[in-house]
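Structural features, examined
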Amino acid sequence: MAERVALVTGGTGGIGTVICRELADKGMKVAANYLEGIDDGPAWQAAQKADGYDFTVVAGDVSDFDSSVAMVKAVEDQLGPVDVLVNCAGITKDATIKKMQKEQWYDVINVNLNSVFNVTKQVATGMADRGWGRIINISSVNGQKGQFGQVNYSAAKAGMHGFTMALAQEVARKGVTVNTISPGYIATQMVLAIPEKVRDSIVAQVPAGRLAEPSEIAWAVSFIADDRSGFMTGANLAINGGLHMGP
Ligand code: NAD
């Protein structure tokens, strides 16, 4: 079987990097998407290479449809059709609704939710035509339970799972699965930058009593991307140390 091709949006970020490594360890050819001007794709690529990982990097703004078209085409030109898509790019712009500006709402919806359409649209039909594919949407526990100061982020992340469940039905007979992962708080730069006192109060609410390691999310991505996970579709995997438990 030819090596499978994986595309990870926001692939040079804290969680994205570990997902890229996990999928490479699984024997896939991996492309990491990054946002030019914010992320330094080539420097990241060189640092990964020094650690023995040979990744393709592709610039592109996933909140923009045309940019996503060009980004996916660049991956396909270099590696071939995408078999595994991980929608991992995301941002937060927190504020209570009283203070939230229109831009904070639209930016977070565009980057976290509209991006999922922009990128998935480019690969889902091809996966179905070839009879195999994995689409994995990285949402958040805050999309499941809501979070004070995050109407934009919680709405976008909840919307991702609606997308997952609808598309899962469209492509289920074609060997393509669509699933959501909803992580709790993870020990990435973003969370480690929160003042220690605030971080401690977050951790105190987590039954497991700690933050997750990015590898604990990447492992779930690897599991979903596996051939043996073909019957699991439309699911929402909660990986949150017990912070939120659903039926
Ligand atoms: P991160 O900031 O390290 O990574 C996100 C990456 O996405 C960054 O490299 C960023 O530049 C990129 N990005 C932002 N806008 C983009 C755009 N328009 N086009 C392309 N790339 C863009 O954050 P992370 O902690 O690695 O988060 C990864 C995903 O996991 C996000 O979707 C986030 O919402 C989700 N998540 C994170 C946590 C956590 O505790 N860190 C918890 C739950 C969910």
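Within each chain, residue numbers correspond to sequence positions counted from 1 in written order. Reporting of local features is limited, given that this is a predicted model, to residues whose pLDDT is at least 70; pairs of side-chain atoms are given and counted only at 80 or more, and all residues count toward the totals for whole chains, interfaces and linings. Only hydrogens and water are removed before side-chain values are computed, so all heavy atoms of the structure are retained for them.

Numbering goes from the N terminus for both helices and strands, where a helix is a DSSP run of H or I of at least four residues and a strand is a run of E of at least two. Helix span, as expected, comes to 1.5 Å for every residue beyond the first. Taking 1.5 Å as the rise per residue, helix α6 (residues 151-171) with 21 residues should run 30 Å; its terminal C-alpha atoms sit 30 Å apart, in good agreement. Burial classes follow relative accessibility: with a 1.4 Å probe on protein chains only, a residue under 20% of its type's maximum area counts as buried, one over 50% as exposed, and anything between as partly exposed. Buried within α6 are the following residues: Asn 152, Tyr 153, Ser 154, Ala 156, Lys 157, Met 160, His 161, Thr 164, Leu 167, Ala 168 and Val 171. In this analysis, two residues are considered to be in contact whenever any of their non-hydrogen atoms come within 4.5 Å of each other. Packing partners of the buried residues in α6 comprise β4 (84-87), α4 (102-130), β5 (133-138), α5 (141-145), β6 (176-183) and β7 (236-239).

Right, let's get into the nonpolar core. The nonpolar core is taken to be a set of buried Ala, Val, Leu, Ile, Met, Phe, Trp, Tyr and Cys residues, with the residues joined through side-chain atoms within 4.5 Å. Counting residues in hydrophobic clusters, the biggest one holds 31 residues, and the most contacted among them are Ile 19, Leu 23, Val 84, Val 86, Ile 136 and Ile 181. Mapped by element, the contributors of at least two residues to this core are β1 (5-8), α1 (14-25), β2 (29-34), β4, β5 and α9 (214-225). In terms of residues, this core owes the most to one element, α9, which gives six residues. If you look at the next biggest cluster of nonpolar residues, it comprises 23 residues, including Val 123, Ala 124, Ala 128 and Val 176.

Attention now moves to the side chain of Arg 4. Here Arg 4 lies in the segment before β1. You can call Arg 4 buried: its relative accessible area is 16%. Polar contact is defined as a pair of N or O atoms within 3.5 Å, subject to the rule that within protein one atom must be able to donate a hydrogen and the other to accept it, and that residues adjacent in sequence are counted only when both atoms are side-chain atoms. Side chain to side chain, Arg 4 and Asp 227 meet in a polar contact 3.0 Å long.

Glancing now at the pairing of β4. Alternating residues of β4 divide into Val 84 and Val 86 and Leu 85 and Asn 87, and every residue in both groups is buried. Each pair of strands is called paired provided DSSP finds at least two bridges between the two strands. Bridge analysis of β1 against β4 gives three bridges, and the strand direction is parallel. Bridging from a neighbouring strand, Leu 7 pairs with Leu 85 of β4. The sheet contact formed by β4 and β5 spans four bridges and is parallel. Bridge pairing in β5 links Asn 87 to Asn 137. With its strands directed away from the observer, a crossover is right-handed exactly when the path from the first strand over the helix to the second travels clockwise. Note on the crossover from β4 through α4 to β5: the handedness is right-handed.

Put simply, two rings from Phe, Tyr or Trp (the six-membered ring, in Trp's case) pair if the centres are within 6.5 Å, and we call them stacked under 30 degrees between planes, edge-to-face over 60, tilted for the rest. For the structure on display, the rule yields three aromatic pairs. Aromatic pair Trp 44 and Phe 55: ring centres 5.3 Å apart, planes at 20°, arrangement stacked. Separated by eleven residues along the polypeptide, Trp 44 in helix α2 (residues 41-50) and Phe 55 in the loop between α2 and β3 (56-59) bring together distant segments of the chain. Comparing Trp 44 with Phe 55, the two get one shared label, buried. Between the aromatic rings of Phe 65 and Phe 117, the centroid separation amounts to 6.0 Å while the plane-to-plane angle is 25°, which identifies the pairing as stacked. Of this pair, Phe 65 sits in helix α3 (residues 65-79) while Phe 117 is found in helix α4, placing the two residues 52 residues apart along the sequence. In this structure an aromatic cluster arises from ring pairing among Trp 44, Tyr 53 and Phe 55. Counted as over-ring charges are cases with an Arg CZ or a Lys NZ within 6 Å of the ring centre that also lie within 35 degrees of the ring normal. Here the basic side chain of Arg 4 rests over the ring of Trp 132, its NZ or CZ set 3.4 Å away from the ring centre.

Interpretation in functional terms is not warranted from these geometric data alone.
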